[in-house]
Amino acid sequence: MLQDEAVHPAEPHAETPDPSSMRAHYRAEGLVESDLAASPYNQFARWFKDATMAALHEPNAMVVSTADANGRPSSRTVLLKAFDDRGFVFFTNYNSRKGRELAENPAISLLFPWHPLARQVVVTGTAERIGRDETAAYFRTRPHGSQLGAWASDQSAPVASRAELEQAYEELAARYPEGEQVPAPPHWGGYRIAAETVEFWQGRHNRLHDRLRYVREHDSWRVERLAP
């Protein structure tokens, strides 16, 4: 050490919370097989209504997990935009990381983390691009700024600076002013996830949670209970 080099003590900081001591006691009400709807999509509709009525922040937010051809996974939060008996739909840039991974490996998982209700829904299945007419119809319902953002952002690609991104947006805003129709980008669209399994997870006391999973068998569904 140089003689004139000062030694500085570590700066004081707030004590870091200990995650091992964080515990929540879940609800007593459970989930039994006789209460389930005939299909997982109908059961999801029931729970989605509950989450909406409970005023959860963005109840349609879900964690989307994909994997590349070598099985390396990645996850991100995406907004659910539609669901019916055909599956769950979200929209994205097809050139994004998830888009590239789904092109290599269409297997996908969705997780709805409704923590305030001590509930989760976990979907596994296969993703398939929806038709361009369906994509265009949804794109027209997006706010004008979101439409421009879909063109301005080369999602998941490196960008030199925030200024470069904002410049691209401003150029598009000048080309398509408010009130003028913005076409849906050809590299942007929807995916529909046809479910193979759908698990409904209800938190219970003593970590003895209820986990009921629908499993597709040809044109019908089988329900199984999983140990917590």
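Located above this text is the structure these notes cover.
I will try to describe carefully the structure that is included in this document. (Residues numbered from 1 in each chain as written. Predicted model: local features only at pLDDT ≥ 70, side-chain atom pairs only at ≥ 80, totals over all residues. Heavy atoms only, no water.)

Taken as a whole, helix α2 (residues 97-104) has its buried residues at K98, G99, E101 and L102. Buried residues along α2 cover an arc of 165° about the axis, so they all sit on one side. Buried-residue contacts for α2 involve β1 (61-67), β2 (73-79), β4 (87-93), β5 (107-114), β6 (119-129) and β7 (188-202). (Buried < 20%, exposed > 50% of the residue type's maximum accessible area, 1.4 Å probe, protein only. Helix = DSSP H or I, 4+ residues; strand = E, 2+ residues; numbered from the N terminus. Arc of directions from axis to C-beta. Contact = heavy atoms within 4.5 Å.)

With 33 residues, the main nonpolar core has F44, F90, L110, W114 and V121 as its most contacted residues. Those elements that provide at least two residues to this core are α1 (40-53), β1, β4, β5, β6, β7 and β8 (210-217). Once you skip the residues sitting within four places of it in the chain, V121 turns out to touch F44, W47, L110, L111, F112, W114, V198, E199 and F200. In this structure, F91, Y138, L148 and A150 belong to the second largest nonpolar core, which totals 12 residues. (Core = buried A, V, L, I, M, F, W, Y, C linked by side-chain atoms within 4.5 Å.)

Bringing the environment of D18 into the picture now. One can find D18 in the segment before α1. For D18, a relative accessible area of 41% puts it in the partly exposed group. For the pair D18 and A127, spaced 109 residues apart in sequence, the C-alpha to C-alpha distance is 38 Å.

Inspection of every chain in the model, using the stated rule, returns 13 salt bridges. The residue E217 makes a salt bridge to R222 at a minimum N-O spacing of 2.6 Å. Of the charged contacts, one joins R222 and E224 as a salt bridge, the two residues approaching to 2.9 Å between their closest N and O atoms. Overall, the relative accessible area of 33% leaves R222 in the partly exposed class. One salt-bridge network, in which partners are shared between bridges, spans E33, R204, D210 and R225. (Salt bridge = Lys/Arg side-chain N within 4 Å of Asp/Glu carboxyl O.)

Here the largest pocket is characterised by a volume of approximately 350 Å³. Along its surface, the largest pocket is lined by 19 residues, and F91, T92, R142, Q155 and W188 are the ones closest to its centre. Only β2, β4 and α4 (144-152) provide two or more residues apiece to the lining of the largest pocket. Class assignment for the residues of the lining of the largest pocket results in 8 nonpolar, 8 polar and 3 charged. Reported here for the second largest pocket is a volume of approximately 150 Å³. No other element matches the 3 residues that helix α5 (residues 162-175) contributes to the lining of the second largest pocket. Across the lining of the second largest pocket, the residue classes tally to 6 nonpolar, 3 polar and 2 charged. (1 Å grid on protein atoms, 1.4 Å probe; cavity = no way out; pocket = protein on both sides within 12 Å on 5 of 7 lines; lining within 4 Å. Points joined across faces, edges and corners; volume = space filled by probe spheres on them. Nonpolar A, V, L, I, M, F, W, Y, C, P; charged D, E, K, R; others polar.)

So, on to the pairing of β1. Across the 7 residues of β1, 5 count as buried, placing the element largely inside the fold. Note: β1 against β2, 7 bridges, orientation antiparallel. Within β2, the residue paired with A61 across the bridge is L79. The hairpin turn running from β1 into β2, its antiparallel successor, is 5 residues long, and G71 in that turn takes a positive phi close to 85°. Strand direction decides the pairing type here: β1 and β5, joined by 3 bridges, are antiparallel. Each bridged residue has a counterpart across the sheet, and for V64 the counterpart in β5 is L110. (Pairing = 2+ DSSP bridges.)

By themselves these figures say nothing about function.
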